[in-house]
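Residue strings, one per chain:
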Amino acid sequence: MTLDHTHDAMLRSWVKEANGHPDFPIQNLPLGVFSPEGGAQRAGVAIGDHILDLTGLLGTDLLQGEAARAAEAAGGGALNALLALGAGPRRALRARLSELLREGAPERDRVAALLHEAAACTLHLPARIGDYTDFYVGIHHAENIGKQFRPDQPLLPNYKHVPIGYHGRASSIRPSGIPVRRPRGQSKAPDAGMPSFGPSSRLDLELELGVWIGPGNDLGTSIPIGEAQDHVAGYCLLNDWSARDIQAWEYQPLGPFLSKNFASTISPWIVTPEALSPFRIAQPPRSEGDPRPLSYLLDEADQSRGAFDLRLDVLLSTPGLREAGLPPHRISASNARHMYWTVAQMVTHHTSGGCNLQPGDLLGTGTISGPDRDACGSLVEATLGGREPLRLASGEERRFLEDGDEIILQARGVREGFAQIGFGECRAVILGAVA
Ligand code: CA
């Protein structure tokens, strides 16, 4: 997790709009899978408002050694084999891409021929997601939700000892831009005698980070906490759509089921651990009286560098706001620092019983809310369970999401002395209920 010349804030690209780009300056270089207009799926790198065709670059002699090995593994319309290679080839590719894209690069004309305008391309899921696991490490979210159910004991006794999670559904994960159908399901209002079946009336979002697994481990083995970061290949934004009415009725005793499995939306670019190096921070200290993590979850290096300072935003666009020409409403401004467990602790805990993580598996952090009302990563928190609606500039109110509403998640690394980078958008609009 070291800094090198690829992080230099003075570094500029000959791709003009990349300089000062809020998401994709030359210091970021996230990896993804795209198809140009009418073309086949191929690996790409985001630079400014363009995508560099990594598969096409492999057909030149501009990549050698480990960088070429990384690009070769990125073929076939999914990046799983590249993720499996681990940090070495990934870093070599980053270093070479940084050379090829910087101002004054002698290879400029040959590389420019492989650029596509991002707006004319389709972005796909960057990897085949074998398994998806959702954690619950956003402590303010856990407390806010817990208070609504158990005012006296918001956090259950296990929370500060074990990273809580459940196995989610991989088949319904979609990249940014694909609309989400409102689920139908079974729910029961507290004062109703019997449950009923119909469209969810309490559809919500969850602001999360997604973690892309790299090499992983064999079944029956575990990943020690000191090695966990070697198995993280990158990060994305994750909106873990949730139907609160269905959830409230079904979640006991085994946890969420249909309330979460109908859709999850991710940002399509894999932002690498290397790109995020400047935004690493120490894991915030635990409150006085909190237990020390058990030793299998405790590593000094992880505690001193294992957390992130990333701005996380949730924006809501409604039909009314759009008709009035008004910008999206900011529901939340949160930060990735509000995680009670680090990503390394999540990875190690996941494998500690012998479960195998595989390249392209996706972990969700759980909703990352801040301590204040304007930093809530879900509507059920921001509206106190629907009791206090959001009031929008269009005159509309929202307790939960309505058809035609669109949620946009953003993540940005901002630090004095470094170039700002971002994850790109994670957005989706809500469509009417499934038939
Ligand atoms: Ca979640």
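Our subject is the structure that appears above.
Predicted model, so just to flag it, every value in this text is computed and none were measured.

Each value, and the rule that gives it
- Residues numbered from 1 in each chain as written.
- Predicted model: local features only at pLDDT ≥ 70, side-chain atom pairs only at ≥ 80, totals over all residues.
- Heavy atoms only, no water.
- Donors = N, O, S within 2.8 Å, 3.2 Å for Na, K, Ca; no water.
- Buried < 20%, exposed > 50% of the residue type's maximum accessible area, 1.4 Å probe, protein only.
- Salt bridge = Lys/Arg side-chain N within 4 Å of Asp/Glu carboxyl O.
- Helix = DSSP H or I, 4+ residues; strand = E, 2+ residues; numbered from the N terminus.
- Pairing = 2+ DSSP bridges.
- Axes fitted to C-alpha atoms, helices over the stretch in contact; angles between N-to-C directions.
- Phe/Tyr/Trp six-rings, centres within 6.5 Å; stacked < 30°, edge-to-face > 60°.
- Contact = heavy atoms within 4.5 Å.

J.: How would you explain the coordination of the calcium ion if you had to name every residue and give the values?
T.: Within the protein, Asp134 (OD), Glu206 (OE), Glu208 (OE) and Asp240 (OD) serve as the donor atoms for the calcium ion, at 2.2 to 2.3 Å. By relative accessible area, which is 3% here, glutamate 206 ends up buried. Judged by its relative accessible area of 0%, glutamate 208 falls in the buried class.

J.: So what's going on with the pattern of salt bridges? Which residues, and what values?
T.: In the structure shown here, the tally under the stated rule is 25 salt bridges. A salt bridge links arginine 90 to glutamate 274; its shortest N-O distance comes to 2.8 Å. With arginine 90 in helix H4 (residues 87-101) and glutamate 274 in helix H8 (residues 273-276), this residue pair connects regions lying 184 residues apart in the sequence. Accessibility classification places arginine 90 together with glutamate 274 in one group, the buried group. Glutamate 99 serves as the salt-bridge partner of arginine 96, at 2.7 Å between the closest nitrogen and oxygen. A residue pair is termed a helical-turn pair when its members lie 3 or 4 positions apart in one helix, as arginine 96 and glutamate 99 do in helix H4 at three residues. Ionic contacts of the salt-bridge type, sharing partners, join the residues Asp204, Glu206, Asp240, Arg244 and Lys260 into one network.

J.: Please set out the sheet that holds strand E5 (residues 122-124) residue by residue, giving values where relevant.
T.: Strand pairing in a sheet relies on backbone hydrogen bonds, with the paired strands running either antiparallel or parallel. The strand order across the open sheet built from five strands is E4-E3-E2-E1-E5, with neighbouring strands paired in antiparallel fashion. Looking at strand neighbours, the two that pair on one side only are strand E4 (115-117) and E5, the edges of this open sheet. Neighbour to neighbour, the strand axes of the sheet diverge by 45° on average, direction disregarded. Taken together, the three bridges between strand E1 (residues 31-35) and E5 define a ladder with antiparallel strand orientation. When the sheet's bridge partners are listed, serine 35 is paired in E5 with threonine 122.

J.: An account of the packing of aromatic side chains is requested, with residue identities and associated values reported.
T.: In the structure shown here, the tally under the stated rule is five aromatic pairs. A ring pair is formed by phenylalanine 24 and tryptophan 269, whose centres lie 6.1 Å apart and whose planes are at 65°; its orientation type is edge-to-face. Remark: tryptophan 269 occurs in the loop between strand E16 (264-266) and H8 and phenylalanine 24 occurs in the segment before E1; sequence separation between them is 245 residues. As far as the burial class goes, phenylalanine 24 and tryptophan 269 line up, both buried. With 5.0 Å between their ring centres and 75° between their planes, tyrosine 235 and phenylalanine 308 make a pair best called edge-to-face.

J.: Help me get a handle on the environment of proline 293, residues and values and all.
T.: Inspection of the secondary structure assignment puts proline 293 in the loop between strand E17 (280-281) and helix H9 (300-305). Placed 210 residues apart in sequence, proline 293 and leucine 83 show a C-alpha to C-alpha distance of 29 Å. Once residues within four sequence positions are removed from consideration, proline 293 is found in contact with Arg286, Leu298, Trp341 and Gln345.

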